[in-house]
Amino acid sequence: MNYTKGEWSVDPEIEQDGYFIRCLDENEDGESVAFVYPFGKNPKANAHLIVAAPDMYEALKGWDKLRAMRPLDSGADIDAILQKCAEITDKALARAEGK
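A. Representation of the nonpolar core. Counting residues in hydrophobic clusters, the biggest one holds eight residues: Trp 8, Val 10, Tyr 19, Ile 21, Cys 23, Val 36, Ala 47 and Val 51. Listing elements by their share of this core, those giving two or more residues are strand 1 (7-10), strand 2 (19-24) and helix 1 (43-68). Considering each element in turn, this core owes the most residues, three residues, to strand 2. Excluding residues that lie within four positions of it along the chain, Ile 21 makes contacts with Trp 8, Ser 9, Val 10, Glu 31, Ser 32, Val 33, Ala 34, Ala 47, Ile 50 and Val 51.

B. Expanded view of the packing of helix 1 against helix 2 (residues 78-96). Between helix 1 and helix 2, the least distance of the axes is 7 Å, while the angle of their chain directions is 170°. As the angle between them shows, helix 1 and helix 2 are arranged roughly antiparallel. Per-class residue counts for the contact of helix 1 with helix 2 are 16 nonpolar, three polar and five charged.

C. Layout of the pairing of strand 1. Judged by which residues are buried, strand 1 turns out to be one-sided: Trp 8 and Val 10 face inward and are buried, whereas Glu 7 and Ser 9, on the alternate face, are not. Across four bridges, strand 1 lies against strand 2 in antiparallel orientation. Counterpart to Glu 7 in the pairing with strand 2 is Leu 24.

D. Just helix 1, in detail. The end-to-end C-alpha distance of helix 1 is 36 Å, a good match for the 38 Å that 26 residues give at a rise of 1.5 Å each. Its buried side turned inward, helix 1 meets strand 1, strand 2, strand 3 (30-36) and helix 2.

E. Structural context of the pattern of salt bridges. Applying the stated rule across the entire model yields seven salt bridges. The salt bridge involving Lys 91 is made with Asp 55; its shortest N-O contact spans 3.8 Å. Remark: Asp 55 occurs in helix 1 and Lys 91 occurs in helix 2; sequence separation between them is 36 residues. Residue Lys 91 is classed as partly exposed on the basis of its relative accessible area, which comes to 36%. On the basis of relative accessibility, which here comes to 13%, the residue Asp 55 falls in the buried class. Ionic pairing is found between Glu 97 and Lys 99, a salt bridge with its closest N-O pair at 3.1 Å. Exposure remark for Lys 99: the relative accessible area of 74% places this residue in the exposed category. Residues joined in a network through salt bridges with shared partners are Glu 7, Asp 55, Lys 91 and Arg 95.

Analysis parameters
Residues numbered from 1 in each chain as written. Predicted model: local features only at pLDDT ≥ 70, side-chain atom pairs only at ≥ 80, totals over all residues. Heavy atoms only, no water. Core = buried A, V, L, I, M, F, W, Y, C linked by side-chain atoms within 4.5 Å. Buried < 20%, exposed > 50% of the residue type's maximum accessible area, 1.4 Å probe, protein only. Helix = DSSP H or I, 4+ residues; strand = E, 2+ residues; numbered from the N terminus. Contact = heavy atoms within 4.5 Å. Axes fitted to C-alpha atoms, helices over the stretch in contact; angles between N-to-C directions. Parallel < 35°, antiparallel > 145°, perpendicular 65-115°, else oblique. Nonpolar A, V, L, I, M, F, W, Y, C, P; charged D, E, K, R; others polar. Pairing = 2+ DSSP bridges. Expected span 1.5 Å × (residues − 1). Salt bridge = Lys/Arg side-chain N within 4 Å of Asp/Glu carboxyl O.

That is the geometry; function is a separate question.
Here you go:
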């Protein structure tokens, strides 16, 4: 899947007119990837859910890979995959909750 790679965050400096979602790439250059308007219920919570989307996607891919494995797959390091999936899941949940 193609999406903007890097660390997504809610821009803390621009909140009065809505929430910019920015992505920092390996060069630390920020790029806007989305904007959440301050309408409706909980726009800040919605912005944090958007920020967590790449991590949620990666966690789901990992869980899907683990689910597809059979216990007898030779060379499969299920514990390592499970640990990585758990770490990504924790990160995604924290980002979705704005932590």
